[in-house]
Amino acid sequence: MTSKIRRLTLRAAFAAMCIAPLGMNVAAHADSPVKIGFLVKMPEQAWFINEQKAATALGQKENFSVVNIGTPDGEKVLAAIDNLGAQGAQGFVICAPDVRLGPAIQARAKRYNMKFVTVDDQLVDSSGKPLANVPHLGMSALKIGNQVGQAITDEMKRRGWKPEEVGALRITDYELPTAKLRTDGATQSLLAGGFKKENIFDAPQKTTDDEGGFNAASPVLAQHPNIKKWVVFALNEESVLGAVRATEQLHIASADVIGVGINGAGEAFAEFQKKQPTGFYGTIAVSSTNHGKDSAENLIDWIRDGKQPIADTQTTGKLMTRDNWTAVRSELGI
Ligand code: FCA
């Protein structure tokens, strides 16, 4: 590139940065490859790291670039969309930090004429209904929750536990619809398997990570010192792992805890590799690779061919434990 051309290119890039925040659509650079954003609420979590990695890898194969951005709050989401607009991105995949940001995200994307799809957490409108015209790809939450409940029920039977002696720690996030569906599904299956309703204790979590699980679980465990055996479930394995750490702190033996998570990502793998089994019995593994790849693919097809993705794609999961985790991991391409 000659220095003159480089100067012109720089000038054009600078002009685009100045124009974009004023609300103009930065025309897609016709000769440059398509660029999309991949915005996630918890960029440090293995699940989301893997999604972004899978989208980036697909881009390398299919000639589009992916800008990975961590957006832990609403302000960061809007700033990220501005930033993408300034870079001439034509769309983004998002797992937002709060699903009620739906209308704000939609308005901001429209400003730059960007298409977007949601992954994992479906955005809602001001009345709490799924945001119309935003294609979504996420877990079949109730079914996966059912698998959690079933896995716990089976393991309780295998260990010969009597329902009346077992407490359930239900770590909840009722602000997030997919989270509620997952813990509702687990509850359904536990009850169907003979679990005592009065032995289920709610532990509302503030954040959907290990710390959130730990902080939610600790006071509830402390309130029930008479219960010696616990089962634990939540929207994801990070939260369950946090709760399992809380049981350890109270010296509850790992053989007296059955925690079952959801995701099947790095933290679960690390737990299964520990020398001694912990209270984390298993997790319903879902392919974060496919979530990242397929949501990016849907968006790219929409941008390139005008083919609007189907409104709601629901993915399935498989029980992963210490015994089969490597096989399930490679089967799901995680
Ligand atoms: C939510 C959870 C994540 C993951 C994802 C599919 O966003 O917070 O851990 O389970 O759904």
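For the structure itself, consult the block above.
Residues numbered from 1 in each chain as written. Predicted model: local features only at pLDDT ≥ 70, side-chain atom pairs only at ≥ 80, totals over all residues. Heavy atoms only, no water.

### Observations regarding the overall build of the protein
Helices and strands together make up the secondary structure of the protein, namely 11 helices and 12 strands. For 334 residues, the compact-globule estimate of 2.2 N^0.38 gives 20 Å, and the protein sits close to it at 22 Å. Looking at the protein as a whole, 51% of its 334 residues are labelled buried. Across the protein, contacts joining residues at least 24 apart in sequence account for 75% of those joining residues at least 6 apart. A total of about 15,500 Å² of accessible surface is found on the protein, and carbon and sulfur atoms cover 54% of it. Between the averaged position of the 37 positive side-chain charges in the protein and that of its 36 negative side-chain charges there is a distance of 4 Å. (Helix = DSSP H or I, 4+ residues; strand = E, 2+ residues; numbered from the N terminus. Rg over C-alpha atoms; globule rule 2.2 N^0.38 Å. Buried < 20%, exposed > 50% of the residue type's maximum accessible area, 1.4 Å probe, protein only. Contact = heavy atoms within 4.5 Å. Areas by Shrake-Rupley, 256 points an atom, 1.4 Å probe, with all protein chains shown as cover. Lys, Arg positive; Asp, Glu negative; His and termini not counted. Charge placed at Lys NZ, Arg CZ, Asp CG, Glu CD.)

### Topic: the pairing of strand S1 (residues 34–40)
Among the seven residues of S1, six are classified as buried, and the element is accordingly described as predominantly covered. Pairing analysis gives seven bridges linking S1 to strand S2 (residues 64–70), with the strands arranged parallel. Bridge pairing in S2 places Ile 36 opposite Val 66. Note on the crossover from S1 through helix H2 (residues 46–62) to S2: the handedness is right-handed. For S1 and strand S3 (residues 91–95), the ladder comprises five bridges, and the chain directions are parallel. Of the residues in S3, the one forming a bridge with Phe 38 is Val 93. (Pairing = 2+ DSSP bridges. Right-handed = clockwise from strand over helix to strand, strands pointing away.)

### So, the site of the ligand
Around the ligand there are 13 residues in total, and Lys 41, Asp 121, Arg 182, Asn 236 and Asn 263 lie nearest to it. Between the ligand and Asp 121 there is a distance of 2.7 Å, counted from an oxygen atom to a side-chain nitrogen or oxygen. Contacts to the ligand include Arg 182, whose side-chain N or O atom sits 2.8 Å from an oxygen atom. Its residues assigned to classes, the shell around the ligand shows five nonpolar, four polar and four charged. (Near = heavy atom within 4 Å. Polar contact = N/O pair within 3.5 Å; in protein donor to acceptor, adjacent residues only side chain to side chain. Nonpolar A, V, L, I, M, F, W, Y, C, P; charged D, E, K, R; others polar.)

### Regarding the pattern of salt bridges
This model, assessed by the stated rule, comprises 14 salt bridges. The shortest N-O distance in the salt bridge between Asp 121 and Lys 41 comes to 2.8 Å. With Asp 121 in the loop between strand S4 (115–119) and strand S5 (136–139) and Lys 41 in the loop between S1 and H2, this pair connects stretches of sequence that are 80 residues apart. Take Asp 121 and Lys 41: they sit in the same class, and that class is buried. (Salt bridge = Lys/Arg side-chain N within 4 Å of Asp/Glu carboxyl O.)

### Quick look at the pairing of strand S6 (residues 166–172)
Within S6, seven of the seven residues are buried, which leaves the element mostly enclosed by the surrounding structure. Here five bridges tie S6 to strand S8 (residues 229–233), and the two strands are oriented parallel to one another. Opposite Ala 168, over in S8, you have Val 231 as the bridge partner. The pairing of S6 with strand S7 (residues 200–204) spans five bridges and is parallel. By the bridge assignment for S7, Ile 171 is matched with Ala 203.

### With respect to the sheet that holds strand S9 (residues 257–263)
The strand order across the open sheet built from six strands is S7-S6-S8-S9-S10-S12, with neighbouring strands paired in mixed fashion. Two strands bound the open sheet, and with one partner strand each, they are S7 and strand S12 (318–321). Put simply, the sheet's adjacent strands are angled 20° from each other on average, direction ignored. Looking at chain direction, S9 and strand S10 (residues 280–285) are connected through five bridges and run parallel. Bridge pairing in S10 places Gly 261 opposite Thr 283. Set on the sheet, helix H5 (residues 141–159) makes contact with S6, S8, S9, S10 and S12; between it and S9 the angle comes to about 155°. Packing against the sheet, helix H8 (residues 237–249) makes contact with S6, S8, S9 and S10, and its axis sits at approximately 160° to S9. (Axes fitted to C-alpha atoms, helices over the stretch in contact; angles between N-to-C directions.)

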